[in-house]
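Single-letter residue listing:
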Amino acid sequence: MRRLLTGYAGAFNRRHRRHGYLFQNRYKSILCQEEPYLLELVRYLHLNPLRVGLVKDLRALDRYPWSGHSALMPAGAGLSPADLLTPSKIPTRVRHRSLLCYWAMRELGLPGTALAAKLGLTQPAVSRAVLRGERRAKGGGIPFPKK
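Nothing here was measured: the structure is a model prediction, and the numbers come from that model.

## Examining the packing of aromatic side chains
Piece 1. Throughout the structure, instances matching the rule amount to two aromatic pairs.
Piece 2. Relative to Phe12, the ring of Tyr8 lies with its centre 6.0 Å away and its plane at 35°, an arrangement referred to as tilted. Of this pair, Tyr8 and Phe12 both sit in helix α1 (residues 2–15), separated by four residues, roughly a single helical turn.
Piece 3. Centre to centre, the rings of Tyr64 and Trp66 are 5.7 Å apart; their planes meet at 70°, and the pair counts as edge-to-face.

Now the structure itself:
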């Protein structure tokens with residue numbers, strides 16, 4: 001990787017008539033052996049444009065061309081956003097709504113009251129959904145969409 005990045009940086013600098021570092025630090029890799037760690041990495045990568053302010057909200061993140069977020073979200077499992085916003089006890093919807101609540105509150109920091117109002121749930125129902133979503137996300141039980 002060092003040779004590749006050094007060669008690219010040199011070519012880039014020559015092409016753009018510039019000098020200095022192109023990459024800030026040395027390349028570093030970590031072996032990912034555990035599924036919960038892999039899921040956390042996927043979550044980090046796909047939500048990063050939202051966290052750093054490149055996109056305004058989740059709807060804009062779905063249209064962001066350099067993220068696979070829309071492929072991993074419930075639409076990939078045959079659910080529409082309306083399905084998640086409609087109260088239901090259908091197991092598939094409950095699972096995806098639980099993950100949505102977990103990610104919205106724990107990962108994005110949205111208040112539970114606002115989430116409850118948006119989803120048409122009570123605050124305790126959202127709290128229970130967050131706990132279910134957390135167990136599912138950290139337990140590695142998230143199926144990825146089939147291609």
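From this point, things continue past the structure.
## Some details on the confidence of the model for the chain
Reading predicted coordinates in detail is not appropriate for stretches of low pLDDT.
Piece 1. For the chain, per-residue confidence averages 80 on the pLDDT scale, and residues scoring 70 or more make up 86% of the total.
Piece 2. A low-confidence stretch, residues 141–147 (pLDDT under 50), is modelled with 14 contacts involving residues beyond four sequence positions or located in other chains.

## Describing the pattern of salt bridges
Piece 1. Using the criterion set out here, one finds three salt bridges in the structure.
Piece 2. One salt bridge connects Glu40 with Arg43, and the closest N-O pair in it is separated by 2.9 Å. Of this pair, Glu40 and Arg43 both sit in helix α2 (residues 35–51), three residues apart, which is roughly one turn of the helix.
Piece 3. Under the relative-accessibility criterion, Glu40 is labelled partly exposed at 30%.
Piece 4. Between Glu134 and Arg106 there is a salt bridge; the shortest N-O distance is 2.9 Å. Linking Glu134 in helix α8 (residues 123–138) with Arg106 in helix α6 (residues 91–107), this pair joins segments that are 28 residues apart in sequence.

Rules used in this analysis
- Residues numbered from 1 in each chain as written.
- Predicted model: local features only at pLDDT ≥ 70, side-chain atom pairs only at ≥ 80, totals over all residues.
- Heavy atoms only, no water.
- Phe/Tyr/Trp six-rings, centres within 6.5 Å; stacked < 30°, edge-to-face > 60°.
- Helix = DSSP H or I, 4+ residues; strand = E, 2+ residues; numbered from the N terminus.
- pLDDT = per-residue confidence, 0-100.
- Contact = heavy atoms within 4.5 Å.
- Salt bridge = Lys/Arg side-chain N within 4 Å of Asp/Glu carboxyl O.
- Buried < 20%, exposed > 50% of the residue type's maximum accessible area, 1.4 Å probe, protein only.

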